[in-house]
Amino acid sequence: MFMRLVELSAAGNEASDLLPVHDEDLLAELGARRAYWTVLDEGPVEQCLALLVEQPDGGWRAEHVKATAGDHEGRTEDAEALARLDGWVYVLGSHFGSKAGPLQPKRAFVARFRESATPQLQIIRHRFALHRAVNDALAALAAIGHPAAPEPVRDVVHAGFVGEAVRRGTAKGKHWISQLAPGDHPVNIEGAAFTARGTLLAGLRWPVTALGEPILVELTGVPGLFSGAETLGVAGVYALTGIGPGPLGVRALAARADGAYDVVVGSIDALDKGSILLEQHPDARDATCRHLRFELPGGTGPALVAPALIADLAPLHHVEGVSERDGAPVYVADEDHRIALWLQAGVP
């Protein structure tokens, strides 16, 4: 596939994920042929929304969006994934930490907003409830030897991410330490998409299966968080199999109108930033990105899913968003201090 690069800038920051704007009034206000939501991954979520706008003349611009977060101003960090359900745009934090840990509670959040040039965010900081639900589901798979389960967490990874988070939380008297347990994997969410049944499919950059294959977790209860029902559950765990040597994690995820899903897989962590994961898995350093497509199996429960290859995106390492533009793929890549939008060449 031949692609052309459009370089954009919003607040001097890089971008994660792409979600098309659906609201016609917003598109008219922007004077846009089309537009995509993205998130900038440095700072609280209310400061990290942006719009990538295609103008009627075919040019592009990026607009940093002014959002409000009420009592949660400044209390979140590291927005990574976008998804849409029932007129709401949902934003998920990574639920992760820095490259050497520890897990950070500011990153364990779910937010949502109605499409607007000045959105008002609703934010749930759930004190690692999602981490607990995902780890319980993965541990249950490991107990029965299911191939969608990850290998046991390595001591240095657990100590840096989970153990250090517990130590710091205990020193500060934080109740969320009860959600972190021995044997837990740090969870890094990089993609999200709602299913037709209203569950949220979360794409994990980490952990991966024991064979190094990407994992997706189907979560229940996410919309209910905003009405006071704080119970999160797991309806299914899926591993993307047959895609080549790993370890490979999910870098982006998008629901398609035909019921299938687009996913970008690639590196498990950023290069040259002191990553514990890459120190433990040096063979993952050279991973480049691939665009795959899959359908979920009928019913729920753990399963292996064999996706189809749509495009090999080598030499790109940092693709973090996938969508469509006039039926052709469009990608956004995480580049230092800029937004790199990749369009299929030849598509006007």
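Source: prediction; values computed, not measured. Throughout, residues of each chain are indexed from 1 in the direction in which the sequence is written. Where totals are concerned, whole chains, interfaces and linings use all residues; where local detail is concerned, this predicted model gives features only for residues with pLDDT of at least 70, and gives and counts side-chain atom pairs only at 80 or more. Here the side-chain values reflect all heavy atoms present in the structure, with hydrogen atoms and water set aside.

K.L.:
So what exactly am I meant to see when it comes to the sheet that holds strand S15 (residues 261-266) here?
P.N.:
Strands pair in a sheet through their backbones, by hydrogen bonds, and they do so in one of two ways: parallel or antiparallel. Taking strand neighbours across the sheet as the criterion, the 4 strands line up as S14-S15-S16-S18 in an open arrangement whose pairing is antiparallel. With partners counted over all chains shown, the strands left at the sheet margins are strand S14 (249-255) and strand S18 (308-312), one partner each. Recorded for the sheet is a direction-independent mean angle of 25° between the axes of neighbouring strands. The sheet contact formed by S14 and S15 spans 6 bridges and is antiparallel. Residue pairing in the sheet places Val250 in a bridge with Val265 of S15. Pairing between strands requires that DSSP locate at least two bridges from one strand to the other. Helix numbers and strand numbers start at the N terminus; a helix is a DSSP run of H or I with at least 4 residues, a strand a run of E with at least 2. Only the stretch in contact is used when fitting a helix axis, every axis being a line fitted to C-alpha atoms; angles between N-to-C directions are given from 0 to 180 degrees.

K.L.:
I'm lost on the pattern of salt bridges in this one. Help?
P.N.:
Pairs can form between side chains of opposite charge whenever their charged atoms are close. Here, a salt bridge means any Lys or Arg side-chain nitrogen found within 4 Å of an Asp or Glu carboxyl oxygen. Within this structure, the stated rule accounts for 23 salt bridges. In this structure, Glu54 engages Arg325 in a salt bridge whose closest nitrogen and oxygen atoms are separated by 3.0 Å. Pair noted here: Glu54 is in strand S4 (residues 49-54) and Arg325 is in strand S19 (residues 319-325), with a separation of 271 residues, a long-range link. Residues Glu54 and Arg325 agree in their burial class; the two are buried. The salt bridge involving Glu335 is made with Arg338; its shortest N-O contact spans 3.8 Å. A single network of salt bridges, built from pairs that share partners, joins Arg33, Arg34, Glu54, Arg325 and Asp326. Each residue is assigned to one of three classes by its accessible area relative to the maximum for its type, calculated with a 1.4 Å probe on protein chains only: buried under 20%, partly exposed between the two thresholds, exposed over 50%.

K.L.:
Help me out: how do you make sense of the pairing of strand S11 (residues 200-206) in this one?
P.N.:
Working note: regular strand, side chains alternate between the two faces of the sheet. Among the 7 residues of S11, 7 are classified as buried, and the element is accordingly described as predominantly covered. In terms of strand pairing, strand S10 (residues 188-194) meets S11 through 6 bridges, oriented antiparallel. Bridge pairing in S11 links Ala193 to Leu201. Between S10 and S11, which follow one another and run antiparallel, lie 5 residues, and Gly198 among them has a positive phi close to 85°. Here S11 runs beside strand S12 (residues 215-220); their pairing, made up of 5 bridges, is antiparallel. Within S12, the residue paired with Ala202 across the bridge is Val217.

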